[in-house]
Amino acid sequence: MAALTGPAPSAADDCLPVDPPAWVYMLRCADGSLYSGWTNDLARRLHAHNGGSHGARYTRAHGGGTLAYARRCTGKSDAMRREAALKKLPKAEKEALAAAWAVENKITIRPAAPEDAEAVNALYCWYVDHSTATYQYGHPTVEESRADLCLALEKAAFLVAVDGAGKLAGYACAHPWHTREAFSWDAETTVYCDPHRLSLGVGRRLYTAVLEILRAKGYWNAIALVADPNPASAAFHRAMGYTRYGREPRTGYKFGQWLGLDYWVLPLREGTAAPEPVRYALPQKELEAILARANGERR
Ligand SMILES: CC(C)(COP(=O)(O)OP(=O)(O)OC[C@H]1O[C@@H](n2cnc3c(N)ncnc32)[C@H](O)[C@@H]1OP(=O)(O)O)[C@@H](O)C(=O)NCCC(=O)NCCS
């Protein structure tokens, strides 16, 4: 029998709690030395160390630095405890930690395969349970995620980022924006990174490659629908060159609150010429060249 009502609104306590963000980290300074610190906002802290305001005196004097180690902690006191322990380590042990982190975090970007659906589904469901980044209430099945993945692969793009152990670090995908033919040159992009690996550049690498694939296939616009508030995603889309074109101030209800929705658009080509039909299947060589760039290989 058909349902008589729509879904009940999700309540504030449907949101599963997440440890407050806190990281202990090391930076490799320009002179090769290692700086240790803790933060509750890795992206902002890295920016501060590299010329932003409120950086540390040490990194200012040593030419800024790049991330050499990061570990998500269970909260501020855990992070502070680990930072104190890190600072006491002999240099050789810090170097060993940095070397192990570099191996573990060697991220490879590759096209998704149907077998990735389970890991993709698990990552997405984490955000369904803990975040308003997605407006979905219930978990999609793995089969639904697989069908969605295959559709994106066939028509636009679906890339995964995997670490040295083959574990999913994030994914980004693009789907045709609409079914009406006139929208055939627009793709909707989205990206989800492992919550333990945010601000490490995974999202940028994934999106850069997805956008390159869309350009190569002949798409004209990349469109992202971003929940409001979602300051990390807004900053991310701005950093990737998108512009916010519109806002619906009160369009989604999740976890006991009304939310908004922002439309972010990145034109992929210029002009007003008639478009060529989109090439759903990219020649293997072109795809390989894009992936080689995403993986920092010289060709
Ligand atoms: C949004 C998201 C994909 C960004 O991925 P990420 O790997 O953490 O981001 P990156 O490290 O690649 O950052 C790329 C840029 O985005 C911006 N950025 C990313 N996270 C940010 C944050 N928390 N605060 C401010 N800026 C941020 C920075 O400008 C950064 O610039 P840089 O490359 O010059 O350092 C990630 O935070 C995520 O998965 N969030 C949860 C899911 C979500 O909201 N997805 C978007 C749905 S529309």
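Report on the accompanying structure. Remember, predicted model here, so these are calculated numbers, not experimental data. (Residues numbered from 1 in each chain as written. Predicted model: local features only at pLDDT ≥ 70, side-chain atom pairs only at ≥ 80, totals over all residues. Heavy atoms only, no water.)

### Structural notes on the pattern of salt bridges
Working step 1: The tally for this structure, following the rule as stated, stands at 15 salt bridges.
Working step 2: Close ionic contact of Glu-83 with Lys-87 constitutes a salt bridge, the shortest N to O distance being 3.5 Å. Of the two residues, Glu-83 and Lys-87 are both situated in helix H3 (residues 76-88); the distance of four residues between them amounts to about one turn of the helix.
Working step 3: For Glu-83, a relative accessible area of 15% corresponds to the buried category.
Working step 4: For Lys-87, a relative accessible area of 44% puts it in the partly exposed group.
Working step 5: Put simply, Asp-163 and Arg-197 hold a salt bridge, and the shortest N to O gap is 2.4 Å. Of this pair, Asp-163 sits in the loop between strand E5 (157-162) and strand E6 (168-176) while Arg-197 sits in the loop between strand E7 (186-193) and helix H7 (202-217), placing them 34 residues apart in sequence.
Working step 6: When salt bridges that share partners are traced, they join Asp-163, Lys-167, Asp-194 and Arg-197 into one network. (Salt bridge = Lys/Arg side-chain N within 4 Å of Asp/Glu carboxyl O. Helix = DSSP H or I, 4+ residues; strand = E, 2+ residues; numbered from the N terminus. Buried < 20%, exposed > 50% of the residue type's maximum accessible area, 1.4 Å probe, protein only.)

### Here we look at the nonpolar core
Working step 1: Membership of the largest hydrophobic core comes to 37 residues, with the highest contact counts inside it found for Ile-109, Leu-159, Leu-206, Tyr-207, Leu-211, Leu-214 and Tyr-242.
Working step 2: Mapped onto this core, the elements with two or more residues apiece are E5, E6, E7, H7, strand E8 (221-228), helix H8 (231-239), strand E10 (257-267) and helix H9 (284-294).
Working step 3: Top contributing element to this core by residue count: H7, with eight residues. (Core = buried A, V, L, I, M, F, W, Y, C linked by side-chain atoms within 4.5 Å.)

### Section: the packing of helix H5 (residues 117-130) against helix H6 (residues 142-155)
Working step 1: Axis separation between H5 and H6 bottoms out at 9 Å; the angle between their running directions is 105°. Looking at the two axes, H5 sits roughly perpendicular to H6. Here Ala-117, Glu-118, Val-120 and Asn-121 of H5 lie close against H6, whose contacting residues are Val-142, Ser-145, Arg-146 and Leu-149.
Working step 2: The residue makeup of the contact of H5 with H6, split by class, is four nonpolar, two polar and two charged. (Axes fitted to C-alpha atoms, helices over the stretch in contact; angles between N-to-C directions. Parallel < 35°, antiparallel > 145°, perpendicular 65-115°, else oblique. Contact = heavy atoms within 4.5 Å. Nonpolar A, V, L, I, M, F, W, Y, C, P; charged D, E, K, R; others polar.)

### Comments concerning the packing of H7 against H8
The angle between the axes and the distance between the axes are what describe a pair of packed helices.
Working step 1: It is at 11 Å that the axes of H7 and H8 come closest, and there the two elements cross at 50°. When the axis of H7 is compared with that of H8, the two are oblique. Seen along the crossing, H7 lies across H8 with a hand that is right-handed. Of the residues in H8, those in contact with Gly-203, Arg-204 and Tyr-207 of H7 are Phe-236, His-237 and Ala-239.
Working step 2: Class assignment of the residues belonging to the contact of H7 with H8 gives a composition of three nonpolar, two polar and one charged. (Left-handed = near helix turned anticlockwise from the far one by under 90°.)

### Focus: H3
Working step 1: Compared with the 18 Å implied by 1.5 Å per residue over 13 residues, the 19 Å span of H3 between its first and last C-alpha is a close match.
Working step 2: Those residues of H3 that sit buried are Asp-78, Ala-79, Glu-83 and Leu-86. For H3, the angular spread of buried residues about the axis comes to 135°, placing them on one side. With respect to the buried face of H3, the exposed residues turned more than 90 degrees away are Ser-77, Arg-81 and Lys-88.
Working step 3: Elements that come into contact with the buried residues of H3 comprise strand E1 (23-29), strand E2 (34-39), strand E3 (65-72) and helix H4 (91-104). (Expected span 1.5 Å × (residues − 1). Arc of directions from axis to C-beta.)

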